[in-house]
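So the chains spell out like this:
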Amino acid sequence: MSLDDSLVSLTAVELRRLIGARQLSPVELLEACIARIEAVNPFINAITATAFDRAREEARAAERAVMAGEALGLLHGLPMGVKDLEPTAGLLTTFGSAIYRDHVPTEDVALVARLRRAGAIVAAKTNVPDMGAGANSRNTVWGATGNPFNPNLNAGGSSGGSAAALASDLLPVCTGSDTGGSLRIPAAKCGVVGFRPSPGVVPSVRKPLGWTPISVVGPMGRTVADACLQMAASAGPDAGDPLSYPLDPLQFLNPGTADLGRLRVAYTEDFGLCDVDDGIRATFRAKIAGMRHLFAACDPIDIDFGDAHRCFDILRAEAFVAGMRDAYEKDPASLGPNPRANFEMGAAMSLMDCAWAQAEQTRLIKRFQRVYDDYDLILSPTTPVSPFPWTQLYADTINGKRQENYYRWLALTYVITLTTHPALTLPCGRDQNGMPFGLQMVGRFRGDREVLAAAQGMEQAFAGIEGLQRPRPDIGALKPADPALTSIVTTPPVLNARSGAGGEVSAV
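Worth saying up front: this structure is predicted, and the values here are computed from it rather than measured. (Residues numbered from 1 in each chain as written. Predicted model: local features only at pLDDT ≥ 70, side-chain atom pairs only at ≥ 80, totals over all residues. Heavy atoms only, no water.)

The secondary structure content of the chain amounts to 13 helices and 17 strands. For 508 residues, the compact-globule estimate of 2.2 N^0.38 gives 23 Å, and the C-alpha radius of gyration of the chain, at 21 Å, lies within 12% of that figure. Oriented by its inertia axes, the alpha-carbon framework of the chain measures out at about 60 × 55 × 45 Å. Within the chain, buried positions represent 61% of all 508 residues. Contacts spanning at least 24 positions in sequence make up 76% of the contacts within the chain whose residues lie at least 6 apart. (Helix = DSSP H or I, 4+ residues; strand = E, 2+ residues; numbered from the N terminus. Rg over C-alpha atoms; globule rule 2.2 N^0.38 Å. Buried < 20%, exposed > 50% of the residue type's maximum accessible area, 1.4 Å probe, protein only. Contact = heavy atoms within 4.5 Å.)

Encoded structure:
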């Protein structure tokens, strides 16, 4: 396909600068994004419901505000994609579930309202797994999202639609959220930035258990600066999230660029308990070899994560029980296999299980702090496998080892979720299969700004190192996904057909 990338490929930061300087009309930008979506989305299915007519009205209003010299928000005039787990007023919000196929909220969730107050224009929703459960963005309402580097492969999840949309230059701003890696994993698989902030920095008001630090919302972007821009527009307290607290959101707008030569870096392939494909291990070692000269120290490290798998199982299932009890008791079959498995796991647990998990997480957090006595940052792979066909529900086997459940393969990210530390996925070249490779960076306790500064420094350095630069998909060479070319090797039942946006896929 022949596409003009000159406008849509610009970063959100540069687009916002051009709008503020009256060198770019919000109307022109929106129309360019709509044209891009219409041309590219049929190949990857990242975008679900759209609000183009309303967005056009808001773009015209944004243009008038610029010409009138009014004060402009941080995201003024930037078209935005909202993950389909976040309610949006007047725009279909399905959570990737047939239960909510016709659900049109009357109010924006707090995150969306805050970003719109900053001037963002909601143009569309982005695809997710059923109820956000899992790291393969496909469901029976919208179908499957393909990876922009190869539409036959998955884009990760649960923020897969947002990651694919950013990587394909469909929209300059997209939202994400993260429990076990839902920001970091799709960002890694699509070659963009995904930042899981510390709990409470960006308020998450839709989680059913307000005091849990497990689930957060956070920014995604093509660059670290783009993620910082969204952070600055979304951070700050909200009573809907009791973990949120007063802070200056503008501290994230320009966090600085870390002096890498002063950073003491530790690295691990698997945190001592995560299954990782041999090819990813080899790729990670090569990446470390290519960057270790940048740092004051870059050393392998062993970390005691205790029984992190069981701990995460319980805390995750607890949240699913809190959020899905009514739907399950009304009709268990209404839930897809992933959310239903989580609910049933949680329903079988006891108070003793929950108390143990809370205590084990506390012990884990305390032990984890010891690493930062000697190091400023921990590096690891973000995902243990290269992107696999979206016809597979999940990575059920790693290096010949059968995974216990549909999310065990997400362990590289969910063990960090348990620590509550900020973590960012940075594009870092390609893996052994030529697909994007994501580097997970884990900072100090509540060291969000420092992680962003380190990421900016590494992003700049990587741009000049062969094999570490951010990869870009060849959008002009995209071909429609062909399920016949993929392998179906998973249980429980999988989807056996994929349609374009708005269509359905059937189960077998």
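The next thing to look at is the environment of Ala347. With respect to the helices and strands, Ala347 occurs in helix H10 (residues 337-347). The spacing of Ala347 and Gly194 is 153 residues in sequence and 32 Å in space, taken between C-alpha atoms.

This part takes up the side chain of Gln361. Within the secondary structure, Gln361 sits in helix H11 (residues 351-368). Relative accessible area serves as the criterion here: at 5%, Gln361 is assigned to the buried category. Leaving out residues up to four positions away in the same chain, Gln361 has contacts with Pro213, Ile214, Cys311, Leu315, Thr417, Leu418 and Thr420.

Turning next to the pattern of salt bridges. Counted according to the given criterion, the structure contains 28 salt bridges. Where Asp84 meets Lys125, a salt bridge forms, and the shortest distance between an N and an O atom there is 3.2 Å. In this pair, Asp84 sits in the loop between strand E2 (79-83) and helix H4 (110-117) while Lys125 sits in strand E3 (residues 121-126), placing the two residues 41 residues apart along the sequence. Judged by relative accessible area, Lys125 falls into the buried class, the value being 0%. For Arg116, the salt bridge is made with Asp108, and the minimal N-O distance between the two is 3.0 Å. A cluster of three or more residues bridged by salt bridges with shared partners is formed by Arg36, Asp169, Arg222 and Arg472. (Salt bridge = Lys/Arg side-chain N within 4 Å of Asp/Glu carboxyl O.)

For the rest of this paragraph, the subject is the packing of aromatic side chains. Within the structure shown, the criterion is met by eleven aromatic pairs. For the ring pair Phe312 and Tyr414, a centre distance of 4.2 Å and an interplane angle of 0° mean the geometry is stacked. Residue Phe312 is found in helix H9 (residues 308-330), and its partner Tyr414 is found in helix H12 (residues 411-419); the two are separated by 102 residues along the sequence. Here Phe312 falls in the buried class, since its relative accessible area comes to 1%. Through a chain of ring-to-ring contacts, three or more aromatic side chains come together here, namely Phe271, Phe305, Phe368 and Tyr372. Across from the ring centre of Trp356, 4.1 Å away, lies the NZ or CZ of Arg310, which sits over that ring. For the cation-ring pair, Arg316 lies above Tyr407, with the distance from its terminal atom to the ring centre recorded as 4.7 Å. (Phe/Tyr/Trp six-rings, centres within 6.5 Å; stacked < 30°, edge-to-face > 60°. Lys NZ or Arg CZ within 6 Å of the ring centre and 35° of its normal.)

Bringing the pairing of strand E13 (residues 377-381) into the picture now. The element E13 is extensively covered by neighbouring structure, given that five of its five residues are classed as buried. Note: E13 against strand E17 (residues 436-442), four bridges, orientation antiparallel. Within the sheet, the bridge partner assigned to Ile378 lies in E17 and is Val442. (Pairing = 2+ DSSP bridges.)

Structurally, the position occupied by Ser204 is in the loop between strand E9 (193-196) and strand E10 (216-221). The buried category is assigned to Ser204, whose relative accessible area is 5%. Residue contacts for Ser204: discarding those within four places in its chain leaves Ser215, Val216, Val217, Gly240 and Asp241.

So, on to the UniProt feature "domain: Amidase" (unreviewed entry) in the chain. In this numbering, the UniProt entry assigns the feature "domain: Amidase" (unreviewed entry) to residues 28-452. A distance of 31 Å separates the end C-alpha atoms of residues 28-452, which is 35% helix and 17% strand. (UniProt positions renumbered as here; feature names shortened; annotations may be inferred.)

We now examine the sheet that holds E10. An order of E1-E3-E2-E8-E10-E9-E16-E17-E13-E11-E12 is seen for the eleven strands of this open sheet, with the pairing classed as mixed. The sheet is open, and its two borders are formed by strand E1 (47-50) and strand E12 (297-300), each paired with just one other strand. For this sheet, the mean angle separating the axes of adjacent strands, direction not counted, is 30°. As paired strands, E9 and E10 are joined by two bridges and run antiparallel to one another. When the sheet's bridge partners are listed, Val193 is paired in E10 with Gly221. Contacts between helix H7 (residues 224-234) and the sheet are confined to strand E8 (173-178), E9, E10 and strand E16 (423-430), with E10 contributing the most and set at about 140° to the helix. (Axes fitted to C-alpha atoms, helices over the stretch in contact; angles between N-to-C directions.)

Any segment with low pLDDT has predicted coordinates that should not be analysed in fine detail. Chain-level statistics for the chain give a pLDDT mean of 93 and a share of 94% at 70 or above. Predicted confidence for residues 487-508 stays below pLDDT 50, and this span has 67 contacts to residues more than four positions away or in other chains. (pLDDT = per-residue confidence, 0-100.)

On to helix H5 (residues 160-167), then. Within H5, eight of the eight residues are buried, which leaves the element mostly enclosed by the surrounding structure. If you check which residues of H5 are buried, you get Gly160, Gly161, Ser162, Ala163, Ala164, Ala165, Leu166 and Ala167. Asp169 lies just past H5 and shows a positive phi near 60°.

Time to look at H11. Because each turn of an α-helix spans 3.6 residues, side chains separated by three or four positions in sequence point in the same direction. The first and last C-alpha atoms of H11 sit 26 Å apart over 18 residues, in line with the 26 Å expected at 1.5 Å per residue. Along its buried surface, H11 packs onto H9, E13, H12 and E17. (Expected span 1.5 Å × (residues − 1).)

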